[in-house]
Amino acid sequence: MNIGLIAQDSKKKLMQNFCVVYRNLLAKHNLFATGSTGHLIESTAGLSVHSYLGGELGGAEQFCNQIAQNDLDMVIFFRDGESSGFKRSGVYSAFDPRNIISLCDQYSIPLAENLATAELLMKSLENGDLAWREVDHEK
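Keep in mind it's a predicted model, so treat the numbers as computed, not measured. Throughout this document, residue positions are counted from 1 along each chain, in the order its sequence is written. Restriction of local features to residues with pLDDT of at least 70 applies here, the model being predicted, together with a cutoff of 80 or more for giving and counting side-chain atom pairs; totals for whole chains, interfaces and linings are based on all residues. For the side-chain quantities, the full set of heavy atoms in the structure was used; hydrogens and water were omitted.

## Remarks on the nonpolar core
To be explicit about the condition: Definition used in this section: a nonpolar core is a set of buried Ala, Val, Leu, Ile, Met, Phe, Trp, Tyr and Cys residues joined via side-chain atoms within 4.5 Å. Each residue is assigned to one of three classes by its accessible area relative to the maximum for its type, calculated with a 1.4 Å probe on protein chains only: buried under 20%, partly exposed between the two thresholds, exposed over 50%. In DSSP terms, a helix is any run of H or I states spanning at least four residues, a strand is any run of E spanning at least two, and both are numbered starting from the N terminus. Residue contacts are defined here by distance: any two heavy atoms, one from each residue, within 4.5 Å place the two residues in contact.
If you look at the biggest cluster of nonpolar residues, it comprises 25 residues, and the most contacted ones within it are Leu5, Met15, Phe18, Cys19 and Ile76. No other element matches the four residues that helix α6 (residues 115-127) contributes to this core. Once you skip the residues sitting within four places of it in the chain, Met15 turns out to touch Leu5, Ile6, Ala7, Thr37, Ile41, Ile76 and Phe78. Residues Phe63, Cys64, Ile67 and Ile100 belong to the second largest nonpolar core, which totals 15 residues.

See the structure below:
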């Protein structure tokens, strides 16, 4: 399965810890992330991640394009509910994180925005409950 991992600055440490805990399960799948999140996951959890540009540099848009092509089977998006975008040097990009949420809704891609839901998705993945996504790709 193709799993998208994305985290805003204040949630990057949470994403690192999450990937360390679920390393063995995540290692069995294709992982995609925006730039710095992907590099942090690789260095901390030792997982192979296809990293796009940094979120604020266009990586969030690349991530959304992959969702729009129905090429992700699950998205873990740890976001800061207080901010409206990705920050670089104190300036937010024009990207709106709600785009990810909207696209996941549109393409019925399971999305977790907090640790509790992300853990439920991992348990579902481990139990084979998301196999319907593979059938969806065959259409």
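Here the narrative resumes.
## Here we look at the pairing of strand β2 (residues 30-33)
As a reminder, the rule being used: A pair of strands is treated as paired once DSSP finds two or more bridges between them.
Two elements, strand β1 (residues 2-7) and β2, share four bridges in a ladder whose sense is parallel. Looking at β2, one finds that Gly4 is bridged to Phe32. Bridge count for β2 against strand β3 (residues 49-51) is three bridges, and the pairing is parallel. Bridged to Ala33 within β3 is Ser51.

## Some remarks on the packing of helix α1 (residues 12-21) against helix α3 (residues 35-45)
When two helices pack together, their arrangement is given by the angle between their axes and by how far apart the axes lie. This is how it is decided: For every element, the axis is a line fit to its C-alpha atoms; helices are fit only across the contacting stretch, and the angle between N-to-C directions ranges from 0 to 180 degrees. Working rule for angles: under 35 degrees goes down as roughly parallel, over 145 as roughly antiparallel, 65 to 115 as roughly perpendicular, anything else as oblique. Definitions for this section: a left-handed crossing has its near helix turned counterclockwise from the far helix by less than a right angle. A right-handed crossing has that turn clockwise.
The interhelical angle for the contact between α1 and α3, taken along N-to-C directions, is 40°, at an axis separation of 9 Å. In terms of orientation, α1 lies oblique with respect to α3. Here the hand of the crossing between α1 and α3 comes out right-handed. On α3, the residues touching Lys12, Met15, Gln16, Cys19 and Val20 of α1 are Ser36, Thr37, Leu40, Ile41, Thr44 and Ala45.

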